Amino acid sequence: MGSVRWGFRCGSWTPSRSEWLFAARCVQQEEKDRIGQFVFAKDAKSAMVTTGSDPPWSFNISHQGDYAVLAAQQGMQVGVDVMKTTLPGSNSIPEFFRIMTRQFTAHEWSTIQSAGSERQQLAAFYRHWTLKESFIKAIGTGLGFNLQRAEFHLSPELLTQGKVLRQTKMHLDEEPDDLWIFEESLLDVDHHVAVALGPADEAGSAPLPPPAAFTLLSFGELIASASPLTEEDAAYWDSFRMKAEAPQRQKDT
Ligand SMILES: CC(C)(COP(=O)(O)OP(=O)(O)OC[C@H]1O[C@@H](n2cnc3c(N)ncnc32)[C@H](O)[C@@H]1OP(=O)(O)O)[C@@H](O)C(=O)NCCC(=O)NCCS
């Protein structure tokens, strides 16, 4: 049973004309049109590198902060979520937590608020956030799911770079769940990623391989096996290079 964990640092990718035009040739025309309509370059870049897939695998993608990630697994449901662990907007941490009260259970808030310094509390907050989102994405329900139903019991071990933790457990509807597995890791000091792995419909019995760390790909590696579908379109580059990287507010944080 295979698994793939790929990350791409689109935040620091400054595509050359030839890279951008080649990537544009490797996506379907309707995707190319959708990506071309993004106002900001950061959104166009993350959409470009997460378009395309390998149908026999169950996979999910996430893009936030400086990264785009893909997790794929054979024979299991999979969901992935990456989050930059910085404070969004200009709120203080207590105010930010207050706005988010309903996203987490009393047990989860108690774990977050006893994590130590405000920075450590924020890290614990995003651990819960990515875990919850990875589960929601694996089951595919989106906004229709009551977030209080899935409660996470974090492994006491701190996340460190280069390590993948699989000890965190989920309680579903107040019952400990033994079927789902969660892998947590750091892409760098301030990007958390969680992968949720769930039982496949056909109850696959193959053993799960050991947890795999995310491999960070270069643009060359990302595009290595891509095949162009359309002709080069020079105007697509002219349009891309006129885009601002991100809204001013995001560039300041
Ligand atoms: C729809 C939702 C799953 C998208 O996630 P996100 O964090 O905004 O964005 P991510 O970058 O992680 O994932 C986006 C990708 O997930 C995939 N995706 C979209 N909807 C999905 C769904 N319902 N289930 C699984 N994957 C989905 C798509 O490939 C999408 O890529 P695209 O934007 O390029 O099309 C999510 O926002 C959502 O509905 N959450 C509700 C729960 C909530 O409020 N959580 C708060 C934190 S606990």
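As the structure is a computational prediction, the values presented were derived from the model and not from experiment. (Residues numbered from 1 in each chain as written. Predicted model: local features only at pLDDT ≥ 70, side-chain atom pairs only at ≥ 80, totals over all residues.)

(A) Region of interest: the overall build of the protein chain. When its secondary structure is counted, the protein chain shows nine helices and 10 strands. The globule rule puts the C-alpha radius of gyration for 253 residues at 18 Å, and the 19 Å found for the protein chain is close to it. Scored against the burial criterion, the 253 residues of the protein chain give a buried share of 34%. Of all intrachain contacts in the protein chain linking residues separated by at least 6 positions in sequence, the fraction that spans at least 24 positions is 63%. (Helix = DSSP H or I, 4+ residues; strand = E, 2+ residues; numbered from the N terminus. Rg over C-alpha atoms; globule rule 2.2 N^0.38 Å. Buried ≥ 20, exposed ≤ 12 C-beta atoms within 10 Å, placed from the backbone. Contact = placed C-beta atoms within 7 Å.)

(B) Up close: unusual backbone geometry. Here Asp-173, not a glycine, exhibits a phi torsion of approximately 50°, which is positive. Among the secondary structure elements, Asp-173 is positioned in the loop between strand S6 (169-172) and strand S7 (175-176). Given 10 C-beta atoms within a 10 Å radius, Asp-173 is considered exposed. Of note in the backbone geometry, Glu-174 takes a positive phi value of approximately 70° without being a glycine. Mapping Glu-174 onto the fold places it in the loop between S6 and S7.

(C) The site of the ligand, seen in detail. Close contacts around the ligand come from 18 residues, with Ser-62, Lys-132, Lys-137, Gly-140 and Gly-142 the closest. Elements with a minimum of two residues in the shell around the ligand: strand S2 (58-64) and helix H6 (118-139). (Near = placed C-beta within 6 Å.)

(D) How the structure looks around the packing of helix H1 (residues 17-25) against helix H8 (residues 234-241). Contact geometry of H1 with H8 gives a least axis separation of 9 Å together with a crossing angle of 120°. Read as a crossing pair, H1 and H8 show a hand that is right-handed. Across from Arg-17, Trp-20, Leu-21 and Ala-24 in H1, the residues of H8 making contact are Tyr-236, Trp-237 and Phe-240. By residue class, the composition of the contact of H1 with H8 is six nonpolar, no polar and one charged. (Axes fitted to C-alpha atoms, helices over the stretch in contact; angles between N-to-C directions. Left-handed = near helix turned anticlockwise from the far one by under 90°. Nonpolar A, V, L, I, M, F, W, Y, C, P; charged D, E, K, R; others polar.)

(E) Expanded view of the environment of Ala-44. Relative to the helices and strands, Ala-44 resides in helix H3 (residues 41-49). Apart from the residues lying within four places of it in its own chain, the contact partners of Ala-44 are Ile-35, Phe-38, Phe-240 and Lys-243.

(F) Looking closely at the sheet that holds strand S4 (residues 76-84). Pairing is antiparallel in the open sheet, where three strands are placed in the order S4-S9-S8. Across the chains shown, the open sheet's two edge strands, defined by having one partner strand only, are S4 and strand S8 (181-188). Across the sheet, the mean angle from the axis of one strand to that of its neighbour is 15°, orientation sign disregarded. In the sheet, S4 pairs with strand S9 (residues 191-199) via nine bridges, with the strands oriented antiparallel. Bridge pairing links Val-78 to Leu-197 in S9. (Pairing = 2+ DSSP bridges.)

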